[in-house]
Amino acid sequence: MINQLVEKIKKTGAPIVAGLDPMLSYVPEHILKKSLQEFGETLEGAADAIWQFNKGIIDCIYDLIPAVKPQIAMYEQFGAEGVRAFQKTVDYCHEKGLIVIGDIKRGDIGSTSAAYAAGHLGKTVVGGSRISAFGEDFATVNPYLGTDGIQPFIDVCREENKGLFILVKTSNPSSGEFQDREIDGRPLYEYVGEKVAEWGAQHMGDTYSYIGAVVGATYPQVGKIMRRAMPNTYILVPGYGAQGGKGADLVHYFNEDGLGAIVNSSRGIIAAYKQEAYAQFGPLHYADAARQAVLAMIADIDGALQAAK
């Protein structure tokens, strides 16, 4: 799957993943009102509004980007109906030719880890059949439990030609409480990054490993360090836009070939119509605002990469 992701990034010229992390507060009133009129003020009504919101955005940006990253918690908050909306979103993105990174951040061991991997990336055995459940192409995972938690995912990725993005240095302000702790004079995230590279050597694509890393845009110096430490690892970069990251911060996350990183923006894209820069679109044309935000992000990142050459 990493080969397909690289090819799509080359084809679109957009090392960008749109985070489909919808909140009801992002959904324009006309969409929410219609869903609640049909289903009432219920979890089904909320989930339908989320799905309709997502569909509008996907229809408007699918030709610009290689991938999307739905955050499953934003759907699970609406219970079983929300999970159905997550599944519909994954399936529709695949219909549109997008690669789907399931932002699930699972982290457990043994049979539990294997079950997560089967449900999201592999197949579940039902009698004599093997059935795909959610069917994402990549998943985000937490490495806190070590190899016992990661190996079941790697095993499924090998079987299914799928991939992972493993948390190394996250973009949130308190990430340093643990991730920056020094061991023998080096921060913990460096050890995690080296382990990711080691795991990745088990499952290589043509140039990059199927086992990627998550390194936040809010710590550009860390990105520079980890790029050197993980030359064959694709880096998923959260923290662009709403969290403060910008194109100029991202140069060192990429390799000299202009590849090696894919940058996420969530509310900076899907809630763009709420920003002053895109206010002219208004709620009715929220998806057009999202498209414009993607185009601006492409230009920002490309400009920074060109200036660094």
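For clarity, every value in this text was computed on a predicted model and none was experimentally measured.

A.B. asks: Just give me the short version of the sheet that holds strand β12 (residues 261–265), but keep the residues and values in it.
C.D. replies: Taken in spatial order, the eight strands of this closed barrel run β1-β2-β3-β6-β7-β10-β11-β12, and their pairing is parallel. Judged from the two bridges that link them, strand β1 (residues 16–18) and strand β2 (residues 67–68) form a sheet pairing that is parallel. What sits directly across from Ala18, in β2, is Val68. Contacting β7 (163–169) and β10 (211–215), helix α9 (residues 188–200) crosses the sheet at an angle of about 165° to β7.

A.B. asks: So what's going on with the pattern of salt bridges? Residues and values would help.
C.D. replies: On inspection of all chains with the given rule, the structure shows 14 salt bridges. For the salt bridge of Lys69 with Asp103, the shortest nitrogen-to-oxygen distance reads 2.7 Å. A residue pair is termed long-range when its members are at least 10 positions apart, and Lys69 in the loop between β2 and α4 (73–76) and Asp103 in strand β3 (residues 99–106) qualify at 34 residues. When sorted by exposure, Lys69 lands in the same class as Asp103, which is buried.

A.B. asks: Could you give an account of the packing of aromatic side chains, with specific residues and numbers?
C.D. replies: One pair of aromatic rings is described through two measures. These are the centre distance and the angle between the planes. According to the stated counting rule, one finds seven aromatic pairs in the structure shown. Aromatic pair Trp51 and Tyr92: ring centres 5.6 Å apart, planes at 90°, arrangement edge-to-face. Note that Trp51 is positioned in helix α3 (residues 43–61) and Tyr92 in helix α5 (residues 79–95), a separation of 41 residues in sequence. Given the relative accessible area of 9%, Trp51 is considered buried. With a centroid separation of 6.4 Å and an interplanar angle of 70°, the aromatic rings of Tyr273 and Tyr286 are classed as edge-to-face. Taken together, the residues span a long stretch of sequence, with Tyr273 in the loop between α11 (267–270) and α12 (286–308) and Tyr286 in helix α12 at a distance of 13 residues. There is no split in this pair, since Tyr273 and Tyr286 are both buried. Linked through ring pairs, Phe53, Tyr273 and Tyr286 together constitute an aromatic cluster.

Cut-offs applied
Residues numbered from 1 in each chain as written. Predicted model: local features only at pLDDT ≥ 70, side-chain atom pairs only at ≥ 80, totals over all residues. Heavy atoms only, no water. Pairing = 2+ DSSP bridges. Helix = DSSP H or I, 4+ residues; strand = E, 2+ residues; numbered from the N terminus. Contact = heavy atoms within 4.5 Å. Axes fitted to C-alpha atoms, helices over the stretch in contact; angles between N-to-C directions. Salt bridge = Lys/Arg side-chain N within 4 Å of Asp/Glu carboxyl O. Buried < 20%, exposed > 50% of the residue type's maximum accessible area, 1.4 Å probe, protein only. Phe/Tyr/Trp six-rings, centres within 6.5 Å; stacked < 30°, edge-to-face > 60°.

Geometric descriptors of this kind do not, in isolation, establish any biological role.
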